[in-house]
Amino acid sequence: MAEGKAGDGEGTLHEREAEIRSAAQAIEALTLPAGAGVGELLLYTGAAGLGKTAVLTAVRRAAKRAGCTVLFARGGQRQCHEPFHVVRQLVRPVLSALSGEERAGVFGPWEDIVGPAAGLCPPGGQLDPQGVRDGLDFVLTRLVQLRSPVAVLVDDLHWADPESLGWLAGFALRARELPALLVLACRDEFPDDALALQRGLAERADRRHELRPLQPASVAHLVRAALGERAEDAFCRHVWAVTAGNPYETAALLREVADQRLDPVEESTGQLRELAATARGMTLRHWLERLGPTALRFAWAASVLDTDIRPDLAAAICAQGPETAAESVRELRRHRVLTGTPAGRLEFVHPLVATSVYRSMPPATRTGMHGVAAVEVENAGLGLPAASRHLLEILPEGDGLIVDKLRRAAREHLAIGAPGAAQRCLRRAISEPPAAADRATVLYELGCSALLTDPATTVNQLRLALADPYGLGPELRVDATFRLAQALAHSNRLGEAAALCAEEAARTPPGPGRLRLEVADFMFATFRFEDPDGPGRSRRLAEFGRMLGTVGLAFTDDGPDGPAAGEAVFERDGLAQAVAVLRCWDLTLRGVHRAEAIALAESALRDGRLPLSLGWTNTTWGFELPGVLGLSYLYADRVDRARELFEEAVRSYEVAGWSGGHLGFAYLLTGMLRFRCGALAAAEDYLRRALRIAGRIGPGTPLHWDAVGALAETVAARGRLEEALELAREHAFGPPYPTVMVLPDAPTLYGRLLLARGDAAGAAAALAAAGAALDARGWRNTVWAPWLGHLARAVAPVDPERARGLAEEAVRRARESGTDSAVGSALRLCAAVHGAPRAAGLLAEAVRCLERSPARYEHAIALVDLGEALGSTAAARSALSRGLELAARCGADGLAARARGLLAAGPQG
């Protein structure tokens, strides 16, 4: 047995021995000595009134007695729209009590990200929700290490806010690795949007208990404890039948019986059903008769606040002075409606009482009290985000002040990583409605609020904003168009993105806005894998770049507020730098000499660093331009510059808390860099991180596709070909390809996978089709898309003459680029379709080129190939030994094994 009344925490629990014993076992396992505690997830479910709160109260007390640090929170029916409401209850008390040194150790680099969500510091810029969840994982892990063992208890999980619930669903997996016990209680029914997360938590539970109604004997015990031993068996049996064994309803009915001084005998059973209906108290009449109008108004105000009720706020909402409010509280405590908390706050004795009181309010009164609550909460210094949940409950009246408050609350929600809450506020603002002149701006804000998390919402709302008859201001319209194009591009709709920018540019007056849209048209078109006029677009981009220099000078001279202002706007938008990056990328793809491309890349930087307009977190252009700038350096063998840019990307996104697609893209780029430099183990680690993030976003996105392709290539390079093939099969890696790819070698890689499976004909067809599309586009870079060399390998068994022609064409293209890694790789592939001694000569030259490049893995392959081609000679053994050493350093286990085998066998010509 454990303490706690069925429903409100006093008395004795009945028929809950198994549930309490299970918790005791989990706590015992958690508190094992020498840090051997085992974390578990314990879940209690059941209908309302079956004693979940009482069981959790018992578990909470047992955990404290065992020396656990207890974090406790309760979901609120009317606070489920207040983001991180549950998280704040859990962590704020213990985190705010830490010393400065402890706090620094617990938060680490995450304070600016987790602090605003936990209500411990003001927010800064917009945070990515996944970043906040990752930060909370870090902070809770450090807190558990500091204060272990830890018990995390959440009651009424069915009313948890989505932000807290989303974090809990992920942390439940991590908790098993820590000395942390996670105990959750929820009803069987819950909102649809929480269903998947709750089911996921239920499936992960180590111990799950579904609370059942009490048996007749336990109800009889409760009856006699409340009414005396003279209660007759028939009366006790009827109480059980009327309440269906629900502990809360049984206790409520017995209070009514005692208040009515009803004898607990068989003759009185006829009145029990009516008293039970009264005890449930779902009517205004019941509460008026029981409490009177004054106390009832205070109860209504308290129910509007829901949990952790401040008496002064409730009094202000129902317009009661201090003395009247104090009397109302006394009356409500006497009637077991409210009870006190150690912190001097109030709470309802049971959520069912709060629900009953709230539902008893006339609709007009309820709406009015929420309106007053919104004002009083804000005036009390609790902030617009806390007040906004009340604004969501009031009736639309076309009030511009309400619209303004909802918009400001949305910005604050975004600043703590709660875009869902921001979108609720903005949708409510639209229904107010805003003034006709402001409607498009609110739609724009709604669309932008979903940019990091829900591209479909962004697309729909920004289209509405652009189509609004009153429209957006010129600058905002340009930005809305660009963000809409971004959302389309990230949804693999590049053609629509480019066309949208081109059409809007044609309607925009001359100036920086129009130029930005014209540049955006080039940008999104440049990223398309297929373009019917690729070479023509490259020529127009070059002409546009030359024109832009002239326009920029003219604009500087004719700035609307003088020369300095004009120059500032031109520099702020980074138009010249953006075009320089696009031209650099275009030259890189076309395979022109790297010196031209690098000169343009350097012109886009400021003292070797990205300008603010091209920053990784800057929304003027997005992450695409700095991404392809880094890739241009990478394919030109300037890995120093590429490394600086990609490390800055990871650092920028981690500091900003952007743990979604942006960070995934940064991990992808870093993995590609590591692969290129031959650090295969590090490459695999980064690419797996990218794939995990892509998996959270969903399949079919460019990030998901590129991460799968790059990871499969890396795994194969490490000698695990079957694993690479399985990865490709698992993710359906193959045509049709996305229209946008950072990794356009995907068709080449797909062909190589077919070749590895023994399907030379399929590989040749796939590679030839990819090559035709690339040639039509004018893209001839043999590092970025080495299809020619691999096609030569695929056709060599059936058409050796064609194979040699293809391979030699690849070498010619590589030499045009002037890049050592390109030339060395092309020569190595060319050698594969030639016989000795021509192959040995090609490989020797390949080794010399690759020695001067950062491509260590390619260098290792060339050395091993050269050793094999040289036959049984000292030079062969030297090449193989060097290849083996380099392959081992790269982590290319398969290549190293091949080199060892050749050395052991004594290579033969």
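Cut-off values and rules
Residues numbered from 1 in each chain as written. Predicted model: local features only at pLDDT ≥ 70, side-chain atom pairs only at ≥ 80, totals over all residues. Heavy atoms only, no water. Helix = DSSP H or I, 4+ residues; strand = E, 2+ residues; numbered from the N terminus. Buried < 20%, exposed > 50% of the residue type's maximum accessible area, 1.4 Å probe, protein only. Contact = heavy atoms within 4.5 Å. Areas by Shrake-Rupley, 256 points an atom, 1.4 Å probe, with all protein chains shown as cover. Phe/Tyr/Trp six-rings, centres within 6.5 Å; stacked < 30°, edge-to-face > 60°. Pairing = 2+ DSSP bridges. Axes fitted to C-alpha atoms, helices over the stretch in contact; angles between N-to-C directions. Parallel < 35°, antiparallel > 145°, perpendicular 65-115°, else oblique. Left-handed = near helix turned anticlockwise from the far one by under 90°. Nonpolar A, V, L, I, M, F, W, Y, C, P; charged D, E, K, R; others polar. Salt bridge = Lys/Arg side-chain N within 4 Å of Asp/Glu carboxyl O. Expected span 1.5 Å × (residues − 1). Core = buried A, V, L, I, M, F, W, Y, C linked by side-chain atoms within 4.5 Å. pLDDT = per-residue confidence, 0-100. Lys, Arg positive; Asp, Glu negative; His and termini not counted. Polar contact = N/O pair within 3.5 Å; in protein donor to acceptor, adjacent residues only side chain to side chain. Right-handed = clockwise from strand over helix to strand, strands pointing away. Disulfide = S-S within 2.5 Å.

Q: How do you make sense of the overall build of the chain when you look at a structure like this?
A: Along the chain, the regular secondary structure elements total 45 helices and seven strands. Seen through its principal axes, the chain has C-alpha atoms that stretch 110 × 75 × 50 Å. Buried positions account for 58% of the 909 residues belonging to the chain. Summarising the internal contacts of the chain: among those between residues at least 6 apart in sequence, 68% fall at separations of at least 24. Accessible area for the chain stands at about 36,200 Å²; split by element, carbon and sulfur atoms hold 52% of it.

Q: Whenever I open this one, the packing of aromatic side chains confuses me. Can you help?
A: Where two aromatic rings form a pair, the distance of their centres and the angle of their planes describe that pair. Enumeration according to the criterion identifies 14 aromatic pairs in this entry. Measuring from centroid to centroid gives 6.2 Å for tryptophan 616 and tyrosine 653, while their planes differ by 75°, and the two rings are edge-to-face. Taken together, the residues tryptophan 616 in the loop between α30 (594–604) and α31 (624–635) and tyrosine 653 in helix α32 (residues 639–656) connect sequence positions 37 residues apart. In this structure tryptophan 616 comes out as buried when scored by relative accessible area, which is 3%. The class of tyrosine 653 is buried, set by a relative accessible area of 0%.

Q: Looking at this structure, how should I read the sheet that holds strand β1 (residues 40–45)?
A: The strands making up a sheet associate through hydrogen bonds between their backbones, and the pairing can be parallel or antiparallel. Judged by pairing direction, the sheet is parallel, and its five strands sit side by side in the order β2-β3-β4-β1-β5 without closing on themselves. Every other strand in the sheet has two partners, leaving β2 (69–74) and β5 (207–210) as the edge strands with one partner each. Between one strand and the next, the sheet's axes are offset by a mean angle of 10°, whatever the strand orientation. Of the strands in this sheet, β2 and β3 (150–155) are in contact with helix α3 (residues 85–96), which crosses β2 at around 150°.

Q: In this structure, what is going on with the packing of helix α23 (residues 455–467) against helix α24 (residues 474–490)? I would like to understand it.
A: Each pair of packed helices can be described by the angle between their axes along with the distance between the axes. The geometry of α23 relative to α24 is characterised by a closest axis approach of 9 Å and an angle of 150° between their N-to-C directions. Taken together, the axis directions place α23 and α24 in an arrangement best described as roughly antiparallel. Taken as a pair, α23 and α24 cross one another with a handedness that is left-handed. Counted together, Pro455, Thr458, Val459, Leu462, Arg463 and Leu466 of α23 and Arg477, Ala480, Thr481, Arg483, Leu484, Ala487 and Leu488 of α24 form the full contact between these two elements. Per-class residue counts for the contact of α23 with α24 are eight nonpolar, two polar and three charged.

Q: Help me understand the pattern of salt bridges in this model?
A: Close approach of charged atoms allows side chains of opposite charge to pair. For the structure on display, the rule yields 56 salt bridges. The closest approach of N and O atoms between glutamate 858 and arginine 828, which form a salt bridge, is 3.0 Å. Taken together, the residues span a long stretch of sequence, with glutamate 858 in helix α43 (residues 856–870) and arginine 828 in helix α41 (residues 820–831) at a distance of 30 residues. On the basis of relative accessible area, glutamate 858 is assigned to the buried category, the value being 16%.

Q: Sorry, what's going on with the environment of alanine 301 here?
A: By the secondary structure assignment, alanine 301 is in helix α14 (residues 293–305). Alanine 301 sits 64 residues away from threonine 365 along the chain, and the two C-alpha atoms are 10.0 Å apart. When sequence neighbours within four positions are dropped, the list of residues in contact with alanine 301 reads Ala314, Ile317, Cys318 and Met369.

Q: Help me understand α14 in this model?
A: Since the α-helix packs 3.6 residues into each turn, any two residues three or four apart lie on the same face. Look at α14: 19 Å from first C-alpha to last across 13 residues, which is about the 18 Å you get at 1.5 Å a residue. Aspartate 306, located one to two residues past α14, shows a positive phi value of around 85°.

Q: Mind showing me how you'd approach the nonpolar core here?
A: Soluble globular proteins: nonpolar side chains tend toward being buried together. Judged by nonpolar contacts, the single largest core of 181 residues is most densely connected at Phe524, Trp616, Phe733 and Tyr857. The element contributing the most residues to this core is helix α29 (residues 575–590), with 10 residues. In contact with tryptophan 616, other than residues within four places in its own chain, are Leu610, Phe623, Pro626, Gly627, Leu645, Phe646, Glu648, Ala649, Ser652, Tyr653, Phe665 and Leu669. In this structure, Leu98, Ile113, Leu136 and Leu182 belong to the second largest nonpolar core, which totals 47 residues.

Q: What is the right way to read unusual backbone geometry from this model?
A: Glycine aside, residues mostly have negative phi angles, and peptide bonds mostly take the trans form. With an omega of -5°, the peptide bond running from serine 148 to proline 149 counts as cis. Its place among the elements puts proline 149 in the loop between α6 (129–147) and β3. Note that the residue after glutamate 432, namely proline 433, is joined by a cis bond; omega there is -10°. For proline 433, the location among the structural elements is in the loop between α21 (419–431) and α22 (436–449). In the Ramachandran plot, arginine 336 falls in the positive-phi region, its phi being about 55° despite a non-glycine side chain.

Q: I'm lost on the side chain of threonine 441 in this one. Help?
A: Take threonine 441: it is sitting in helix α22. Given a relative accessible area of 17%, threonine 441 falls into the buried group.

Q: Just checking my understanding: could you explain the environment of proline 747 for this structure?
A: Here proline 747 shows up in helix α37 (residues 746–756). Taking the C-alpha atoms as reference, proline 747 lies 65 Å from threonine 341; in sequence the two are 406 residues apart.

Q: Is there a simple way to explain the confidence of the model for the chain in this structure?
A: The predicted coordinates ought not to be read in detail in places where the model reports low pLDDT. With 92% of its residues at a pLDDT of at least 70, the chain reaches an overall mean of 88. Confidence drops under a pLDDT of 50 for residues 1–11, and excluding neighbours within four residues, the segment shows 37 contacts in the predicted structure. For residues 552–570, every residue scores under 50 in pLDDT, and the model assigns this stretch 16 contacts once sequence neighbours within four places are set aside.

Q: What exactly am I supposed to notice about the side chain of aspartate 128 here?
A: Mapped onto the secondary structure, aspartate 128 falls in the loop between α5 (111–117) and α6. Arginine 133 is the oppositely charged side chain nearest to the buried, salt-bridge-free aspartate 128, at an N-O distance of 6.4 Å. A polar side-chain atom of aspartate 128 sits 2.5 Å from the main-chain amide nitrogen of glycine 660. Those residues within four positions of aspartate 128 in sequence are excluded, and the remaining contacts are Leu452, Gly657, Trp658, Ser659 and Gly660.

Q: Before we go on, may I ask you to explain helix α11 (residues 247–259) in this structure?
A: The first and last C-alpha atoms of α11 sit 18 Å apart over 13 residues, in line with the 18 Å expected at 1.5 Å per residue. Taken together, the buried positions of α11 are occupied by Pro247, Tyr248, Thr250, Ala251, Ala252, Leu253, Leu254, Glu256 and Val257. In this structure, the buried residues of α11 make contact with α9 (216–227), α10 (233–243), α12 (272–280), α13 (284–291) and α17 (351–359). N-capping of α11 is provided by asparagine 246, with a side-chain oxygen placed 3.0 Å from the backbone N of tyrosine 248. Phi turns positive, to about 55°, at arginine 261, one or two residues after α11.

Q: Before we go on, may I ask you to explain the pairing of β3 in this structure?
A: Consecutive residues of a regular strand have side chains that alternate between opposite faces of the sheet. Counting buried residues in β3 gives six out of six residues, a clear majority hidden from the surface. Residue alternation in β3 divides its side chains into two sets, Val150, Val152 and Val154 and Ala151, Leu153 and Asp155, and both sets are buried. Direction of pairing for β3 relative to strand β4 (residues 180–186): parallel, over a ladder of five bridges. Among the inter-strand pairings, leucine 153 is bridged to a residue of β4, identified as valine 183. Running through helix α7 (residues 162–175), the crossover from β3 to the neighbouring parallel element β4 is right-handed.

Q: Even after reading the chapter, I still don't get the pairing of β4, so can you show me in this structure?
A: Among the seven residues in β4, seven count as buried, and that is most of the element. Residue alternation in β4 divides its side chains into two sets, Ala180, Leu182, Leu184 and Cys186 and Leu181, Val183 and Ala185, and both sets are buried. Pairing of β1 with β4, which is carried by six bridges, proceeds in the parallel orientation. From the neighbouring strand, glutamate 40 faces β4, where its bridge partner is leucine 181.

Q: Please explain the environment of glycine 891 as it appears in this structure.
A: Mapped onto the elements of the fold, glycine 891 is located in the loop between α44 (874–890) and α45 (893–905). Owing to a relative accessible area of 10%, glycine 891 belongs among the buried residues under this scheme. Setting aside residues up to four positions removed in sequence, glycine 891 forms contacts with Leu680 and Arg718.

Q: Looking at this model, I keep getting lost on the state of the cysteines. Mind explaining?
A: By definition, a disulfide links the sulfur atoms of two cysteine residues through a covalent bond. All told, the structure shown has zero disulfides when counted by the stated rule. There is no disulfide at cysteine 425, and the cysteine sulfur nearest it, in cysteine 80, is 13 Å away.

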